[in-house]
Amino acid sequence: MSTVKRLPAFEKFIQELRAAWATLPDTESRMTKGRDLLAELVKDETMRESCQRWPDTDGGRRNLLFYEDPDYGFAINGVVHSAERKGSIHDHAHSWTAYGILAGTETLERFRRVDDGSKEGYAKLELESVTQGTPGKVDLVPPFDIHAEQGGPAISYGLILRSERVAGKVLQGNYNMETGLYRRIEGPTNVPYEITG
Ligand SMILES: [Fe+2]
């Protein structure tokens, strides 16, 4: 049994999420509440200090797995992105994702699919929007939304709330804008990591 004590701000976040899952009727309303809770957590100084100790996740396509709820299934992940990283274009299958930045900046790209989906292994994309992800901001990504996170001028730290863990359960979309190649692939490997206080 783990005797590790969680960082209090992180433990509070988990309990507030559990309350949201217990009281709200559907995934969209739970994740909208979760996004608001995450927006508070990414401003917390103790969380911002803690992320500086996280191991790098860019090498080998990894997510740190901080928590997966045993009753409701929501999952909390972290990523450490190196400066100027080139993020792949992807979706998160049927799950909802809230993506918040603790430190550093990233460029968040959204794409729209403009073909009719009839050609196997092919997707034609158009860039829909580009927004700056800055510390304290949280982006809510609905099911199958196509997007990419591009690195900023310095290392960046992202905190992610997922309606459920995707990696290891279902394949998620991966897109190449230049060639039109569309595949469904395994998501990043989840590496368990405790946020301690
Ligand atoms: Fe993503």
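Below, the structure is looked at part by part. (Residues numbered from 1 in each chain as written. Predicted model: local features only at pLDDT ≥ 70, side-chain atom pairs only at ≥ 80, totals over all residues. Heavy atoms only, no water.)

A closer look at the coordination of the iron ion
The condition that has to hold: Coordinating N, O and S atoms are those within 2.8 Å of the metal (3.2 Å for Na, K and Ca), and as water is not part of the atoms, a site may appear to have fewer donors than expected. Site shape is set this way: if four donors have all angles between 85 and 135 degrees, tetrahedral; if opposite donors are over 155 degrees apart and all others between 65 and 115, square planar for four donors and octahedral for six; otherwise irregular. Under the scheme applied here, a residue whose accessible area is under 20% of the maximum for its type counts as buried, over 50% as exposed, and between as partly exposed, the area being computed with a 1.4 Å probe on protein chains only.
Looking at the metal site, the iron ion is ligated by His90 (NE2), His92 (NE2), His147 (NE2) and Glu149 (OE), spaced 2.2 to 2.6 Å from it. Viewed at the metal, the four donor atoms of the iron ion are separated by angles of 85 to 165°, and the geometry they form is irregular. Of note, the iron ion draws all its donor residues from one chain, in the sequence arrangement H-x1-H-x54-H-x1-E. Relative accessible area serves as the criterion here: at 11%, histidine 90 is assigned to the buried category.

Looking at the pattern of salt bridges
The condition that has to hold: Here a salt bridge means any side-chain nitrogen of Lys or Arg lying within 4 Å of a carboxyl oxygen belonging to Asp or Glu. A helix here means a DSSP run of H or I that spans at least four residues, while a strand means a run of E at least two residues long, and both kinds are numbered starting from the N terminus.
Counted by the stated rule, this structure contains 14 salt bridges. Measuring nitrogen to oxygen at the nearest pair gives 3.1 Å for the salt bridge that ties glutamate 68 to arginine 165. With glutamate 68 in strand β1 (residues 62-68) and arginine 165 in the loop between β9 (156-162) and β10 (172-175), the pair connects residues that are 97 residues apart, well separated along the chain. The partner of glutamate 128 in a salt bridge is arginine 112, with the nearest N and O atoms 3.3 Å apart. Of the two residues, glutamate 128 sits in strand β6 (residues 125-133) while arginine 112 sits in strand β5 (residues 106-113), which places them 16 residues apart along the sequence. For arginine 112, a relative accessible area of 34% translates into the label partly exposed. Each of Arg18, Asp69 and Asp71 takes part in one network of salt bridges that share partners.

Interpretation note: all reported values are geometric properties and have no functional meaning in isolation.
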